[in-house]
Amino acid sequence: MKGATLVALAATIGNFLQGWDNATIAGAMVYINKDMNLATSVQGLVVAMSLIGATVITTCSGPISDWLGRRPMLILSSVMYFLSGLIMLWSPNVYVLCLARLLDGFGAGLAVTLVPVYISETAPPEIRGQLNTLPQFLGSGGMFLSYCMVFTMSLSDAPSWRAMLGVLSIPSLVYLLFTVFYLPESPRWLVSKGRMDEAKTVLQQLYGREDVNDEMALLVEGLDIGGEKTLEDLLVTLEEHETLETVDEDGQMRLVGTHENQSYIARPFTDQQQSSLGLRSRHGSLANQSGIHKDPLVGLFDSLHEKMPESGGNTKSGVFPNFGSMFSTNADMPHVKPAHWEKDVESQFNKDHDDYATDDNAADDDSDNDLRSPLMSRQTTSMDKDVIPHPTGVSTLSMRRHSTLNGENSMGIGGGWHMGYRYDNGEYKRYYLKEDGAESRRGSIVSLPGDGGSYVHASALVSRSVLGPKSVLGSAVVPPTGPLWSALLEPGVKRALVVGVGIQILQQFSGINGVLYYTPQILERAGVDILLSSFGLSSISASFLISGLTTFLMLPAIVVAMRLMDVSGRRALLLWTIPVLIVSLVVLFISELVQISKVVNAALSTVCVVLYICFFVMGYGPIPNILCSEIFPTRVRGLCIAICAMVFWICDIIVTYSLPVLLSSIGLVGVFSIYAAVCVISWVFVYLKVPETKGMPLEVITDYFAFGAQASAPTKDST
């Protein structure tokens, strides 16, 4: 996973540049105003031009990234940053400055929109939240370094605002070199274009191992949108086999997967077994919730994270090692020689898309020694063959943990999830499986009365595989690629859009960007210059110093968030940190209402601003972008991200441009009271609507959104 971490670090340089620019313009505006004597409205326009640029580019960045790829758009982002830095360094007048700020907004908009998507599509589920917190960390780091530069320059006799802004071109050049020569294309985007060999190579580089069969199969399944889905409680036992005969006795069925000689015998719960074992039906509880209660989908996701054997992002299932080969001989399946699955998908895709060239030499390769497809691995390790259910019920995966995390043997599709297939009525059904983690069943093996075997309780989300009936003939069915506007009407996608758009709106109106852009002015009005007057600093330099120290304190707070993002989870962090934002804002406007000494007021205001910003970057800062990059299907992810990002930037413009007007009309008391009210609404929204997605593969998340919307629809109709 070292490769995925390094790639994420390189990609987040774009967020470093955005943070750098945010802090630089906040400091430079003091000197720009002195130099050009700008009106208040023009000052706001100079700041807002980058936001306007980000909004404009965001409207098309998603669909274009779905068409051209994520990497070319990141390259374009670095070019825009570089050009804007050079133009700001020159800027003879306010018009050229506004043009440069517009180009800077183009670069920031692409980075903020696509970097979380890129990281989510390249990171393993176990550390996806941690890596997706890097944009917040590097963004805050950029702000801190920028404030240090601005503070140092403010000590000179004639600070140059052009130099302050022009320095941006130096780190932008570094970002350009990384995007051109180091960053790979997103493997999910490559799969969506039928470029299987390239996707497999990228996955091997990211994960640091040769065997990426499970991941490749998952990425292909992720091309599906919608479709009927069911949730089943299964009793599962491991079985070794040489051939895959049909098992259809007493309701039993065989689930086969991505590796040879491993499969599972699964059987659904009877009503009597479910009652005797104290198991509840998630589907039933989902369908029966209504009224003012929280979204049933939230409860469904919560049930998937109930007290697993190990909490946190590295949680692995204790029961599911690798599944068996899907295309081994089966009495109910046609006896055909399996073709090279990846090449078949690629060839079928290329028949419908003339813009991609097929490797003719590889297409003619029928050798059994080269069957390295996601679903038909011909290579089976002795370790896989030796795995049997442990007689004491100890996790079989725990016994193999170190070899599978660091070696060449993959274990499932990530986060303790596994994928199996069942051939039924001429087509394949896909099963996303995870060991049930409720306390009463944790780590236990169930022995059924009258049955000689031992079983483990697992939850399974079942739907039709995208492989379809043609897969038995050696080719997979790849759905049409590109953004589909009609897919936005799918119930699961609509539900995800409500979550994504809602949390972006509330995040912006909680006031963080207004506070950050105008932190020097806010702290100066609060009287922070009194705290530093003994050092001989001017009020302007003192406010820059306080802003730099504030952003420095963000960094350890974000480190804590990185540690907790895949342990406590996104939802929990939001529910814990938003109340601190509320308290900080309430104390701020109370301190303005109550007559207290200037020193106490300055100290209290500074502490509250620091607490507000630090707890914001622990939760509300990174999590909305993380969630939006996780909850949409692959084929419409760019389109949906563009919608959420456009909402983000529009709200950002409104907050930033209106803050000076609000400060002059209703004062700090009114501004902070509005922000506090929005934070209260935010907490309620998160509690009712935002599910927990930690440690879940992206494709599993989107399938559960689709199932939740599908299962709750009858309830809505009946109310």
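What you are looking at is a predicted structure, and each value in this text was computed from that prediction instead of being measured. (Residues numbered from 1 in each chain as written. Predicted model: local features only at pLDDT ≥ 70, side-chain atom pairs only at ≥ 80, totals over all residues. Heavy atoms only, no water.)

If you had to explain the overall build of the protein to someone new, which residues and values would you point to?
Helices and strands together make up the secondary structure of the protein, namely 31 helices and seven strands. Here the protein holds 719 residues, and the buried ones make up 62% of them. Approximately 26700 Å² of the protein is accessible, and the part contributed by carbon and sulfur atoms is 60%. (Helix = DSSP H or I, 4+ residues; strand = E, 2+ residues; numbered from the N terminus. Buried < 20%, exposed > 50% of the residue type's maximum accessible area, 1.4 Å probe, protein only. Areas by Shrake-Rupley, 256 points an atom, 1.4 Å probe, with all protein chains shown as cover.)

Describe unusual backbone geometry, with residues and values.
Look at Asn37: it is not a glycine, yet its phi comes out positive at around 50 degrees. With respect to the helices and strands, Asn37 occurs in the loop between α2 (13-36) and α3 (40-68). Its relative accessible area of 66% is what places Asn37 among the exposed residues.

Now, about the packing of aromatic side chains: what can you tell me, with residues and values included?
Inspection of every chain in the model, using the stated rule, returns twelve aromatic pairs. Between Phe178 and Tyr182 the ring centres are 6.2 Å apart and the planes differ by 85 degrees, which places this aromatic pair in the edge-to-face class. You can call Tyr182 partly exposed: its relative accessible area is 37%. In textbook terms, an aromatic cluster arises when at least three aromatic residues are bridged by ring pairs, as seen for Phe301, Trp417, Tyr704 and Phe705. (Phe/Tyr/Trp six-rings, centres within 6.5 Å; stacked < 30°, edge-to-face > 60°.)

Tell me about the pattern of salt bridges, residues and numbers included.
By the definition in use, this model includes 17 salt bridges. With a closest N to O distance of 2.7 Å, Glu215 and Arg209 form a salt bridge. The exposure class assigned to Arg209 is buried, which follows from its relative accessible area of 11%. A salt bridge links Arg430 to Glu221; the shortest N-O distance between them is 2.4 Å. Of the two residues, Arg430 sits in strand β5 (residues 427-435) while Glu221 sits in helix α12 (residues 213-221), which places them 209 residues apart along the sequence. Judged by its relative accessible area of 2%, Glu221 is buried. (Salt bridge = Lys/Arg side-chain N within 4 Å of Asp/Glu carboxyl O.)

Any details on the packing of α3 against helix α4 (residues 70-90)? Residues and values, ideally.
Running from N to C, α3 and α4 cross one another at 125 degrees; their axes reach a closest spacing of 7 Å. Taken together, the axes of α3 and α4 lie oblique to each other. Listed contacts from α4 to Ser61, Ile64, Ser65, Asp66 and Leu68 of α3 are Arg70, Pro72 and Met73. (Axes fitted to C-alpha atoms, helices over the stretch in contact; angles between N-to-C directions. Parallel < 35°, antiparallel > 145°, perpendicular 65-115°, else oblique. Contact = heavy atoms within 4.5 Å.)

Any details on the environment of Leu497? Residues and values, ideally.
Its place among the elements puts Leu497 in helix α21 (residues 491-509). Measuring from C-alpha to C-alpha, the distance between Leu497 and Cys628 comes to 8.4 Å, with 131 residues separating the pair along the chain.

Residue-level account of α2, with values.
Its 24 residues place the ends of α2 32 Å apart at the C-alpha level, agreeing with the 34 Å of an ideal helix rising 1.5 Å per residue. Residue Ala28 marks the point of greatest curvature in α2, where the axis turns by about 35 degrees. The buried fraction of α2 amounts to 21 of the 24 residues, a majority that puts the element mostly inside the structure. Downstream of α2 by a residue or two, Asn37 has a phi angle that is positive, lying close to 50 degrees. (Expected span 1.5 Å × (residues − 1). Bend = angle between axes of the 7 residues up to and from the residue.)

Please set out the nonpolar core residue by residue, giving values where relevant.
Ranked by size, the top nonpolar core spans 151 residues in total, and within it Ile32, Phe632 and Tyr704 carry the most contacts. Looking at this core element by element, the count peaks at 14 residues for helix α5 (residues 94-122). Ranked by size, the runner-up nonpolar core spans eleven residues in total, among them Met253, Ala458, Ala460 and Val462. (Core = buried A, V, L, I, M, F, W, Y, C linked by side-chain atoms within 4.5 Å.)

Tell me what's going on with the side chain of Gln508, and back it up with residues and numbers.
Tracing the sequence through the fold places Gln508 in helix α21. Gln508 gets classed as buried once you look at its relative accessible area, which sits at 1%.

Help me get a handle on the state of the cysteines, residues and values and all.
Within this structure, the stated rule accounts for zero disulfides. Here Cys644 is not cross-linked by a disulfide; its sulfur's nearest cysteine counterpart is in Cys628, at 3.9 Å. (Disulfide = S-S within 2.5 Å.)

I'd like a rundown of the environment of Ala711, residues and numbers included.
Within the secondary structure, Ala711 sits in helix α31 (residues 698-718). C-alpha of Ala711 to C-alpha of Glu228: the two residues are 483 residues apart in sequence and 9.8 Å apart in space.

Can you explain the confidence of the model for the protein? Please cite residues and give values.
Predicted confidence across the protein gives a mean pLDDT of 75, with 70% of residues reaching 70 or more. Note on residues 275-281: pLDDT is under 50 here. Beyond four places in sequence and across chains, it has 14 contacts. Here residues 308-346 scores under 50 on pLDDT; set against residues more than four positions off or in separate chains, the count is 162 contacts. (pLDDT = per-residue confidence, 0-100.)

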